[in-house]
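Read off the chains here:
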Amino acid sequence: MHRRFRLSLLLLLLGWLLRVPVVAQDVIIDLEGNELTGQVIEITPTEVLYRAPDTEPALPPTVLAKSKLFMVRFANGTKEVFPQTPPPTYAPVAPAAPLDITAQNKELRERGRQDALLYYRRSSPALGTIATATVSPFNPLGAVIIGSVRPKAYKNPLLDPEMLKYPSYVEGYERTAHQRKAWPVIGGYLAGSILGLIIYSALNTP
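Notes on the structure in this doc start here. Note that this is a predicted model, so its numbers are computed, not measured.

Overall, antiparallel pairing links the six strands, which are arranged β4-β3-β2-β1-β5-β6 in an open sheet. With partners counted over all chains shown, the strands left at the sheet margins are β4 (62-65) and β6 (79-81), one partner each. On average, each strand axis in the sheet is tilted by 40 degrees relative to the strand beside it, whichever way the strands run. Note that strand β1 (residues 26-30) and strand β5 (residues 69-73) share four bridges and pair antiparallel. The residue bridging valine 27 from the neighbouring strand is arginine 73, located in β5.

Here you go:
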């Protein structure tokens, strides 16, 4: 009876841990590229009202001025870009003098960085790290390998194929995506290690 109870509790905990990294949240992005996750309650003509994941339900939502925001990306995949802060436009890259080429490369890298903030999905490295850490708790080798692999721009179907022709854009995207990958890998490693220890304890307790 006690063994069955422990296994039932283990399955409930396993489901919770695997659900944590991929719980869908709305994402609010400001003009500096910073992200806030939570639940968007209401969008008015001048403000965005949202509730952070750790906010008590009884407390009022946080109010943000739309003039300081770039867009909202909703949990269902849709997004709303605010008219007063439209995404930057980029002139076609054309042959130019050396100084102009330098400026264009900087602009392309910035475009790649912005696209990494918008379109790079961090759930896959988190789940992969959870799996490797569960099999071998507190062995960092799997997490190190996963974290060291730089995301490839051409593997993201959400990016504009025309932009992938420019090395500066690809560099900006991949560098920013790699930076954003670090915390999901760390979180997956810790969650998987704890889960692995719980499974090992449950299976080896008489």
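Between helix α3 (residues 123-135) and helix α4 (residues 141-148), the shortest axis-to-axis distance is 8 Å and the interhelical angle comes to 160 degrees. One element, α3, and the other, α4, form an angle in the roughly antiparallel class. Crossing of α3 against α4: the hand is right-handed. Together, Pro125, Gly128, Thr129 and Thr132 of α3 and Gly142, Ala143 and Ile146 of α4 make up the contact between the two elements. A breakdown of the residues in the contact of α3 with α4 according to their chemical character gives three nonpolar, four polar and no charged.

Under the definition given, this model contains five salt bridges. Residues glutamate 162 and lysine 165 are paired through a salt bridge, measuring 2.9 Å at the closest nitrogen-oxygen approach. Given a relative accessible area of 44%, glutamate 162 falls into the partly exposed group.

For residues that are not glycine, phi is negative in most cases, and the peptide bond is trans in most cases. A positive phi angle, near 60 degrees, is found at phenylalanine 138, a position not held by glycine. Inspection of the secondary structure puts phenylalanine 138 in the loop between α3 and α4.

Quick notes on the rules
Residues numbered from 1 in each chain as written. Predicted model: local features only at pLDDT ≥ 70, side-chain atom pairs only at ≥ 80, totals over all residues. Heavy atoms only, no water. Pairing = 2+ DSSP bridges. Helix = DSSP H or I, 4+ residues; strand = E, 2+ residues; numbered from the N terminus. Axes fitted to C-alpha atoms, helices over the stretch in contact; angles between N-to-C directions. Parallel < 35°, antiparallel > 145°, perpendicular 65-115°, else oblique. Left-handed = near helix turned anticlockwise from the far one by under 90°. Contact = heavy atoms within 4.5 Å. Nonpolar A, V, L, I, M, F, W, Y, C, P; charged D, E, K, R; others polar. Salt bridge = Lys/Arg side-chain N within 4 Å of Asp/Glu carboxyl O. Buried < 20%, exposed > 50% of the residue type's maximum accessible area, 1.4 Å probe, protein only.

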